Amino acid sequence: MINLFKGGKALTPRERDILLKVAELYMETGEPVGSRTLQKRFSMEISPATIRNVMSDLEDKGYLYQPHTSAGRLPTDEGMKYYINYLLFSLGEVDTGIASRIIDYIKASGKTGFDEIFSAVLNFLTRSTGYMSLGANFVIDALTIKDISLVKVSSSKVLVVITCEPEYVIHKVITLKAEPSILAKISQELTAKFKGKPLSSVKKELINEMNQVRNEFMELSFNLNTHLLKLVNSVNDVKITGTFNIFNSVNEDFEKIQEIIKILEEKKKLLETFSKLIDTADRVTVILGKETEIEAFEPFSIVAAKYSLKSKDAGIVGILGPKRMDYCKIIPVVENVSRALSYILSKDIK
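Let us look at the structure shown here. (Residues numbered from 1 in each chain as written. Predicted model: local features only at pLDDT ≥ 70, side-chain atom pairs only at ≥ 80, totals over all residues. Heavy atoms only, no water.)

Next up on the list: the overall build of the protein chain. A count of helical and extended segments in the protein chain gives twelve helices and ten strands. For the protein chain, with 350 residues in total, the buried portion stands at 48%. Partitioning the intrachain contacts of the protein chain with sequence separation of at least 6 by distance along the chain shows that 62% fall at a separation of at least 24. Accessible area of the protein chain: about 17,600 Å², with a carbon and sulfur share of 48%. (Helix = DSSP H or I, 4+ residues; strand = E, 2+ residues; numbered from the N terminus. Buried < 20%, exposed > 50% of the residue type's maximum accessible area, 1.4 Å probe, protein only. Contact = heavy atoms within 4.5 Å. Areas by Shrake-Rupley, 256 points an atom, 1.4 Å probe, with all protein chains shown as cover.)

In structure tokens form, the structure reads like this:
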């Protein structure tokens, strides 16, 4: 069971029935729903006056709101969450075929490294849903050090390669002046000290461990320490695919488009949002409107699911789309893509 609704005020059976009908009509039309429209559309046996009273009670409880005095009512974010949760009773089934389709897609693209596979999965998700795909990578907590190598590539450049288990390689060329013999010695020292340790603990130990070579290689040690910390911190990242799909939902509001682009480029707020999800959310989550804690995303909804590595939560994949999306279609796709990614990361698909 996927639980998307927590808290809120209890509803009577009649209140629940009317709330669900209002949400259903809103999903179809995007327009405020009036009592007479509701009665005719669903051939309800109660009067419009009774429906209005119930809708007023739902407004007091925070599930509906009235955009204008003379208008009908719309579901709030809490009302939408209640509606989505109700839809999910029959969802959550595992699609055993989607992993095969994603594996075939990745093989056809020739991708083998983690970052390449991750990007390919997001491309698959965008193509399957028509929405912008988001992926947050928190694999740092699921990786252990296997080897650290420093290789001189020019007079002032060094290639840093951190090999982890399960198969994951972090590499970057940094600016550093050192002789090959010194780099070989430091590589052996770092590998000996960190081999088998979680990558997350390296962040805490790196400064203290590097102090042991500080006396012999004072400036080199400090510079290398700084680069390694930055490299380890860069493991957690957010990837975005299909950005152009978001613009269909903002009605040519160019100021909002610029704000959204800035947020997507900086990625900091997205990483913070997903970081909270990885620690607190259910395996599949829907975040509506202001719950994203990103003001520019208020008109949107995020459907996200956790994926795992070595049985540990390692990240999140999902889509960003309009609140009035087809949740019955989107949620199972996102959920099963996350299942497939977890499977792919645990298998050799070469």
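Moving on, we get to the packing of helix α1 (residues 13–29) against helix α3 (residues 48–60). Across the interface, α1 lies against α3 with an axial gap of 10 Å and an inter-helix angle of 90 degrees. On the basis of the axis angle, α1 is roughly perpendicular to α3. Contacts from R14, E15, I18, L19 and V22 in α1 reach T50, I51, V54, M55, D57 and L58 in α3. The residue inventory of the contact of α1 with α3, partitioned by class, reads seven nonpolar, one polar and three charged. (Axes fitted to C-alpha atoms, helices over the stretch in contact; angles between N-to-C directions. Parallel < 35°, antiparallel > 145°, perpendicular 65-115°, else oblique. Nonpolar A, V, L, I, M, F, W, Y, C, P; charged D, E, K, R; others polar.)

Strand order in the open sheet made by the three strands is β4-β5-β6, with antiparallel pairing throughout. One side of each edge strand has no neighbouring strand; the edge strands of this open sheet are β4 (144–152) and β6 (168–175). This sheet shows a mean twist of 15 degrees between the axes of neighbouring strands, independent of strand direction. Relative to β6, strand β5 (residues 157–165) is paired through eight bridges, and the arrangement is antiparallel. Among the inter-strand pairings, V158 is bridged to a residue of β6, identified as I174. On top of the sheet, helix α7 (residues 180–194) reaches β4 and β5; it is set at about 175 degrees to β4, its chief contact. (Pairing = 2+ DSSP bridges.)

So, on to helix α6 (residues 114–129). With 16 residues, α6 extends 23 Å from end C-alpha to end C-alpha; this agrees with the ideal 22 Å at 1.5 Å per step. Three or more residues of α6 are buried, namely F114, I117, F118, A120, V121, L122, F124, L125, T126 and T129. Where α6 terminates, the next one or two residues include G130, which has phi positive at roughly 80 degrees. (Expected span 1.5 Å × (residues − 1).)

This next bit is on the pattern of salt bridges. All told, the structure shown has eight salt bridges when counted by the stated rule. Among the ionic pairs, R73 bridges to E59, the shortest N-O distance being 2.9 Å. Within this pair, whereas R73 is found in the loop between β1 (64–65) and β2 (74–75), its partner E59 is found in helix α3, the two being separated by 14 residues in sequence. Judged by its relative accessible area of 12%, R73 is buried. Given the relative accessible area of 28%, E59 is considered partly exposed. With its nearest N and O atoms 2.9 Å apart, the salt bridge here joins K323 to D77. (Salt bridge = Lys/Arg side-chain N within 4 Å of Asp/Glu carboxyl O.)

Attention now moves to the sheet that holds strand β9 (residues 300–309). Pairing between the strands of a sheet is mediated by backbone hydrogen bonds and can be parallel or antiparallel. Taken in spatial order, the five strands make up an open sheet running β7-β3-β10-β9-β8, and their pairing is antiparallel. Strand pairing shows two members of the sheet lacking a second neighbour, β7 (237–241) and β8 (284–288), which therefore form its edges. Between one strand axis and the next, the sheet turns by 20 degrees as a mean value, whatever way the strands run. The pairing of β8 with β9 spans five bridges and is classified as antiparallel. Opposite L288, over in β9, you have S301 as the bridge partner.

With that settled, consider the pairing of β5. The pairing of β4 with β5 spans eight bridges and is classified as antiparallel. Its bridge partner lying in β5, I145 is registered against C164.

Bringing the packing of α1 against helix α2 (residues 35–42) into the picture now. Packing of α1 against α2 leaves a shortest axis separation of 11 Å and a crossing angle of 90 degrees. Considered as vectors, α1 and α2 are oriented roughly perpendicular to each other. Residue-level inspection shows I18, K21, V22, E24, L25 and E28 of α1 in contact with α2, the latter providing T37, L38, R41 and F42. Residues that form the contact of α1 with α2 fall into these classes: five nonpolar, one polar and four charged.

Moving on: a nonpolar patch on the surface. Judged by side-chain polarity, V151, V153 and V173 come together as a nonpolar surface patch covering roughly 240 Å² of accessible area. Among the secondary structure elements, V173 is positioned in strand β6. (Patch = residues over 30% accessible without salt bridge, like charges linked within 9 Å, V, L, I, M, F, W, Y side chains within 5 Å.)

For the rest of this paragraph, the subject is the nonpolar core. Counting residues in hydrophobic clusters, the biggest one holds 77 residues, and the most contacted among them are I18, I102, V303 and Y327. With residues near it in sequence (within four places) discarded, I102 still touches V121, F124, V337, A340 and I344. If you look at the next biggest cluster of nonpolar residues, it comprises 22 residues, including I246, I287, F297 and F300. (Core = buried A, V, L, I, M, F, W, Y, C linked by side-chain atoms within 4.5 Å.)

Counted under the stated rule, the structure contains three aromatic pairs. Centre to centre, the rings of Y63 and Y82 are 6.0 Å apart; their planes meet at 75 degrees, and the pair counts as edge-to-face. A residue pair is termed long-range when its members are at least 10 positions apart, and Y63 in the loop between α3 and β1 and Y82 in helix α4 (residues 77–87) qualify at 19 residues. Take Y63 and Y82: they sit in the same class, and that class is buried. Plain terms: the ring middles of F118 and Y307 are 5.6 Å apart, the flat faces sit at 50 degrees to each other, and that makes the pair tilted. Here Y307 lies in strand β9 and F118 lies in helix α6, a separation of 189 residues in the sequence. (Phe/Tyr/Trp six-rings, centres within 6.5 Å; stacked < 30°, edge-to-face > 60°.)

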